[in-house]
Amino acid sequence: MKKFELFNKFNNPVLIVNNEIELIYKNNVFNRCFQDFKTLKNFLHKINYDICPLNSEDREILSPIIQAVRSKENFAAHISYQHKQNEFSYYDINAIKRNKYTIIFFTDVTSYIQYEKLESKYKLLQNQNNCLISENNDLQHIKEKAQSQAIKMALTNKISNIINKSIDLSSIVKPTLKELSFMFGAFNAYYAIYENKKFKIVQSTNRKNIGTEIYFDANIIKQLKSNKISYSRCVKEHIDAEPLKEAIQRIIVPIFHMTEMLGIVVILSRQKRELREELDILENISSQLGTAIVHANLYKKNIETVKELKNTLKELKDTQIQLINSEKMASLGQLIAGVAHEINTPVASIKSNNEIFTKLIDKIENEKIAEILKDINSTDKEAIQRINHLVISLKKFVRLDEAELQEADINKELDLTLDLIRHETKRRIQIIKQYGNIPMIKCYPNMLNQVFMNILINACQAIKEEGIITITTEYKASNLTITIEDSGCGIKDTNKIFMAGYTTKGVGVGTGLGLAISSKIISKHNGKIEVKSKVNKGSKFIITIPSK
């Protein structure tokens, strides 16, 4: 019934019956506790409580549930419920009368009943145990001493294994400090290097004090330089430290390699103890730690040297790429200069003849022949202009005389590059120009033209049949952005696209230098070049160049 559903929020079983002893409601906890309950009659047979009626033949009076219903007042009782033959649960029940309903709350007290039984057994066992304790006190003392020795030896061996297994300073010192903290019950332990007559914390179980410089009085320094362990009760960790609320035990272990002090291990504990056997252990660990730290420092120096060599190699490769690019552009420039000179001579001759031919056409009397010759002459004239335009574009593209930064209109430079690749785009690729109103910027135009050429040629090659290349320029927040987007086949892996030697064009088709050189050129302009690509959707190259 919906009005009783609030009892599902109770953590204890709840049962509701009417005055005719009919089941009205049982909550979810009740169902879980009494899973074998099928009918109310079956449930009543499985519960019992310790009441013996003197003058009654009514068997139902033995049921606490029936008693609760018949009672005119609220009813409470202690009952047992039999799950199986020898398995019982015990409950305190409290029944509340509400009109024609009796609401019965069950509280599980099985654990209390079992506890009382166990308590009596425990008292018996405790008496026996007290006798055994008094007999084993001497043996326990010996055992504890032996265990203490075993633990210390185990910790010593563990630290030795840590030191011997690694040549990384952090991997050696951190676990060693942790084990020493465990051995001495320390609340903090740290390793400080000794440089320029002062100590600096570099590893600590409490990370807050890493990087702190610490100082000790002259007597302690003298003791440490004699390679002797310092241990004492004190209220300050070191000279500049804040006073503590209570005295602590401070153990300072000097770490030496031959006659050179490398640093110290400081152990701080609130335990009061005398160092006897531990001194030998600390001296042994100190000796091993000194050797390990020297090896770790040598290893670190080797790693740094290797890293420097890798950086140098990378710089050499970058320089090689730049030299290849410079040599390539220089050779190209010389070749274009020679070709332009060779082309200009015959073109000048053709142009001169074309002009003479234009004058002669007017003297031809046959109009049809004259008209045909005019058309031919006009076509030749356009061809001559096209050749001249290409020669001028090639000369502007290489610009061998422009090694200095100079102002350039990037929109015009893009148009110049598009003129030179017209043979790749003609009748196949639609060029969409979305040029913005951009200012002149200082740059190396010949180098940027090479970047545009590389990206545009790649875009043309990525479009197998017909497609679109969209070029967008915009100027915002002192940055010029050039976006070149194509509808080609896309690039699977863009992570290596700017690495020298990496190509997606196959053996003998691409050198893998075009985009690597482009990346270096954009870096030279303090800019950045990014690529976004989806397979079969196309690629987008975004070039950002600061104008200041």
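Fair warning: this is a prediction, and the values are worked out from it, not measured in the lab.

Undergrad: How would you summarise the overall build of the chain if you had to cite specific residues and measurements?
TA: For the chain, the helix and strand inventory stands at twelve helices and 19 strands. Burial status across the chain gives 37% buried among its 548 residues. Counted over contacts in the chain with a minimum sequence separation of 6, partners at least 24 positions apart contribute 57%. As presented, the chain carries roughly 34800 Å² of accessible surface, and 52% of it is formed by carbon and sulfur atoms.

Undergrad: Requested: an account of the sheet that holds strand S17 (residues 479–486), with residues and values cited.
TA: Sheet strands line up and pair through hydrogen bonds in the backbone, either parallel or antiparallel. With respect to topology, five strands assemble into an open sheet ordered S14-S16-S17-S19-S18, the strand pairing being mixed. Bordering the open sheet on either side are strand S14 (429–434) and strand S18 (528–534), each of which pairs with just one other strand. Geometrically, the sheet is characterised by an average inter-axis angle of 10° between neighbouring strands, direction not taken into account. Alignment of S17 against strand S19 (residues 538–546), held across seven bridges, turns out to be antiparallel. Across the sheet, residue Ile-482 finds its bridge partner in S19, namely Ile-543. Here helix H9 (residues 410–420) sits on the sheet in contact with S14, strand S16 (467–476) and S17, set at roughly 160° to S16.

Undergrad: Talk me through unusual backbone geometry; I want residue IDs and the actual numbers.
TA: Of note in the backbone geometry, Arg-427 takes a positive phi value of approximately 65° without being a glycine. Its place among the elements puts Arg-427 in the loop between helix H10 (422–425) and S14. Despite not being glycine, Asn-536 has its phi angle at roughly 65°, a positive value. If you trace the backbone, Asn-536 turns up in the loop between S18 and S19.

Undergrad: Residues and numbers for the nonpolar core, please.
TA: In terms of nonpolar packing, the biggest core is built from 35 residues, with Ile-410, Ile-469, Ile-482 and Ile-543 touching the most fellow members. Among the elements of the structure, H9, strand S15 (441–443), helix H11 (445–462), S16, S17, helix H12 (514–524), S18 and S19 are those that each provide at least two residues to this core. At eight residues, H11 tops the list of elements feeding residues into this core. Look past the residues within four positions of Ile-469 in its chain and what remains in contact with it is Ile-429, Gln-430, Ile-431, Ile-432, Leu-456, Ala-459, Cys-460, Ile-463, Ile-484, Glu-485 and Asp-486. Listed in part, the 28 residues of the second largest apolar core include Ala-189, Ile-285, Ile-293 and Val-294.

Undergrad: If you had to explain the packing of aromatic side chains to someone new, which residues and values would you point to?
TA: Going through the model one piece at a time under the given rule, you end up with 19 aromatic pairs. On the numbers, 6.1 Å between centres and 85° between planes, the contact of Tyr-91 with Phe-106 is edge-to-face. Residue Tyr-91 is found in strand S5 (residues 87–98), and its partner Phe-106 is found in strand S6 (residues 101–108); the two are separated by 15 residues along the sequence. With respect to class, Tyr-91 is no different from Phe-106; both count as buried.

Undergrad: Which residues make up H12, and what are the values?
TA: Taken as a whole, H12 has its buried residues at Leu-515, Ala-516, Ile-517, Ser-518, Ser-519, Ile-521 and Ile-522. Following H12 by one or two positions, Asn-526 adopts a phi angle in the positive range, close to 60°.

Undergrad: Go over the side chain of Ser-181 with me, naming the residues and quoting the values.
TA: Tracing the backbone through its elements, the reader meets Ser-181 in helix H5 (residues 169–184). Accessibility expressed as a relative area gives 11% for Ser-181, which makes it buried. Sequence-distant contacts of Ser-181, defined by excluding residues within four places in its chain, comprise Ala-186, Ala-189 and Thr-205.

Undergrad: So what's going on with the sheet that holds S6? Residues and values would help.
TA: Ordered by their spatial adjacency, six strands build an open sheet running S2-S1-S6-S5-S4-S3, and the pairing between neighbours is antiparallel. The open sheet has two edge strands, strand S2 (23–26) and strand S3 (47–48), and neither has a second partner.

Undergrad: Can you break down the packing of H9 against H11 residue by residue, with the values?
TA: Between H9 and H11, whose axes approach to 9 Å, the crossing angle comes to 50°. It follows from the interaxial angle that H9 and H11 lie oblique. Here H9 runs over H11; the crossing is right-handed. Between H9 and H11, the contacting residues are Ile-410, Glu-413, Leu-414, Leu-416, Thr-417, Leu-418 and Leu-420 on the first element and Pro-445, Leu-448, Asn-449, Phe-452, Met-453 and Leu-456 on the second. Of the residues assigned to the contact of H9 with H11, the class counts are ten nonpolar, two polar and one charged.

Undergrad: Describe the confidence of the model for the chain, naming the residues involved and giving the relevant values.
TA: When the pLDDT values of the chain are averaged, the result is 80; 80% of them are 70 or greater. Within the chain, no element has a lower average pLDDT than helix H8 (residues 367–398), which sits at 69, and none a higher one than S17, at 94.

Undergrad: Tell me about the pattern of salt bridges, and please be specific about residues and values.
TA: Tallied over the entire structure, the rule returns three salt bridges. Measuring nitrogen to oxygen at the nearest pair gives 3.1 Å for the salt bridge that ties Glu-246 to Arg-270. Taken together, the residues Glu-246 in the loop between strand S10 (230–234) and strand S11 (248–257) and Arg-270 in the loop between strand S12 (260–269) and helix H7 (277–361) connect sequence positions 24 residues apart. Owing to a relative accessible area of 42%, Glu-246 belongs among the partly exposed residues under this scheme.

The rules behind these values
Residues numbered from 1 in each chain as written. Predicted model: local features only at pLDDT ≥ 70, side-chain atom pairs only at ≥ 80, totals over all residues. Heavy atoms only, no water. Helix = DSSP H or I, 4+ residues; strand = E, 2+ residues; numbered from the N terminus. Buried < 20%, exposed > 50% of the residue type's maximum accessible area, 1.4 Å probe, protein only. Contact = heavy atoms within 4.5 Å. Areas by Shrake-Rupley, 256 points an atom, 1.4 Å probe, with all protein chains shown as cover. Pairing = 2+ DSSP bridges. Axes fitted to C-alpha atoms, helices over the stretch in contact; angles between N-to-C directions. Core = buried A, V, L, I, M, F, W, Y, C linked by side-chain atoms within 4.5 Å. Phe/Tyr/Trp six-rings, centres within 6.5 Å; stacked < 30°, edge-to-face > 60°. Parallel < 35°, antiparallel > 145°, perpendicular 65-115°, else oblique. Left-handed = near helix turned anticlockwise from the far one by under 90°. Nonpolar A, V, L, I, M, F, W, Y, C, P; charged D, E, K, R; others polar. pLDDT = per-residue confidence, 0-100. Salt bridge = Lys/Arg side-chain N within 4 Å of Asp/Glu carboxyl O.

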